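Results of the structural survey
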Amino acid sequence: MPVEEITAAAAGSWTLGDATVHRMGFGSMRITPHPDPGRAIGVLRRAVALGVNHIDTAAFYVSPGGTLNVGTGPARYATELIRAALAPYPQDLVIATKVGFAYDPAGGLREDASPAGLRAQVEENLRRLGRDHLDVVNLRIVKRPGRDRVAGSFGALAALREAGLIRHLGLSNVRLDHLDEAQAIAPVVCVQNTYALDNRGDQDALLRECGARQVAYVPFFTLAGKRRESGAVTEHADAVRAVARSHGATPQQVRLAWALHQGPHVLAIPGTGDPAHLVENVAAGALRLTDTDLAALG
Ligand SMILES: NC(=O)c1ccc[n+]([C@@H]2O[C@H](COP(=O)([O-])OP(=O)(O)OC[C@H]3O[C@@H](n4cnc5c(N)ncnc54)[C@H](OP(=O)(O)O)[C@@H]3O)[C@@H](O)[C@H]2O)c1
């Protein structure tokens, strides 16, 4: 099948709260740097046309000035680009956002997980996305061993969920003890942590535990690995190149397929502002790695 005809459905599905999403999703952090909003809008519409129904975002994905702090010209908010591209939203589309940080043009990006700050961030997401509720809200924390409890902030979000502003809650950049703490307060549908073939860190046990608890594990920087905000890895290990060659795939597709093979509850959210990369990434959901491939990839 031609690569541009492969849809996100090829990756299989997972039930996130009360919504079924394709396991190949889309991360919107990379759509803001390009100065032409039409390009981002085109990528988002193409993603949905290719069956993507899980889009990750944040109100602080804004260029210039937000997380990536690149680009020129007027501010382009990922949330507003999503609205421009996709509203009225398809029924099956799940938009996951994250809070715990606030951005404003005067003060820049700052951590704020206070109850009032979280409420303001939820309201900003609602306003910019043009919605009356948010499908999934992840509490994104900064880990500070010994003083990084999530109960206060997660409890504040649970109250907003009870009030109907949020449908489902998740966590980001967390350990297992954070998941335990949050689950004692309210249901958690996903954990979004950094994880990649060459940057597994200490995540394998948490990933497995999420699976045992039926919590989705959503890796970010799957393509970027340790390069993080700097962009995709370009120097690939021999094993990655060999597996890619044997499947007629690209190394980036192998990285995504490897992540999806770590469990049925793993949801990929590769980020791109490039239409050709989008098609390539979605097609990675159709790549079936063998046990030999997985052993070679380590
Ligand atoms: N919870 C958190 O703290 C957190 C932190 C960071 C990100 N996130 C979320 O996770 C998503 C994924 O992270 P990410 O976007 O930073 O990193 P990523 O998906 O690992 O990699 C994105 C980078 O790879 C490039 N790329 C994408 N597809 C490619 C392909 N097929 N071939 C070559 N290069 C390719 C992109 O550039 P092009 O645009 O040129 O394709 C971009 O530079 C984000 O979009 C965001 O929604 C969450």
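A brief look at the structure comes next. (Residues numbered from 1 in each chain as written. Predicted model: local features only at pLDDT ≥ 70, side-chain atom pairs only at ≥ 80, totals over all residues. Heavy atoms only, no water.)

Let's shift gears to the site of the ligand. Not every one of the 27 residues close to the ligand is listed here, only the nearest: Asp56, Ser172, Leu223, Thr272 and His277. Measuring from an oxygen atom of the ligand, one finds a backbone N or O atom of Ser28 at 3.4 Å. Within the backbone of Thr222, an N or O atom sits 3.1 Å from an oxygen atom of the ligand. Its free accessible area being 890 Å², the ligand has 88% of it covered by the protein chains. More than half of the atoms belonging to the ligand lie within 2 Å of the grid points that define the largest pocket. For the shell around the ligand, the element with the highest residue contribution is helix H9 (residues 275-283), accounting for three residues. Among the residues forming the shell around the ligand, the class breakdown is nine nonpolar, twelve polar and six charged. (Near = heavy atom within 4 Å. Polar contact = N/O pair within 3.5 Å; in protein donor to acceptor, adjacent residues only side chain to side chain. Areas by Shrake-Rupley, 256 points an atom, 1.4 Å probe, with all protein chains shown as cover. 1 Å grid on protein atoms, 1.4 Å probe; cavity = no way out; pocket = protein on both sides within 12 Å on 5 of 7 lines; lining within 4 Å. Sits in = over half its atoms within 2 Å of the grid points. Helix = DSSP H or I, 4+ residues; strand = E, 2+ residues; numbered from the N terminus. Nonpolar A, V, L, I, M, F, W, Y, C, P; charged D, E, K, R; others polar.)

Attention shifts here to the nonpolar core. Core analysis: the largest hydrophobic core is formed by 98 residues, its most contacted members being Leu16, Val122 and Leu157. Considering every element that reaches this core, the biggest residue donor is helix H8 (residues 251-260), with six residues. Ignoring sequence-local partners within four residues, the contact set of Leu157 consists of Val99, Leu118, Val122, Val137, Leu139, Ile166 and Leu169. (Core = buried A, V, L, I, M, F, W, Y, C linked by side-chain atoms within 4.5 Å. Buried < 20%, exposed > 50% of the residue type's maximum accessible area, 1.4 Å probe, protein only. Contact = heavy atoms within 4.5 Å.)

With that settled, the discussion passes to the pattern of salt bridges. Oppositely charged side chains can pair when the atoms bearing their charge come close. If you walk through the whole model with that rule in mind, you get 20 salt bridges. A salt bridge links Asp177 to Arg149, with the nearest nitrogen and oxygen atoms 2.6 Å apart. Placement of Asp177 in helix H5 (residues 176-183) and of Arg149 in the loop between strand S10 (134-140) and helix H4 (151-162) is noted, with a sequence separation of 28 residues between them. We classify Asp177 as partly exposed; its relative accessible area is 28%. A salt bridge links Arg228 to Glu229; its shortest N-O distance comes to 3.8 Å. Sharing partners across several salt bridges, the network here consists of Asp148, Arg149, Arg175, Asp177 and Glu181. (Salt bridge = Lys/Arg side-chain N within 4 Å of Asp/Glu carboxyl O.)

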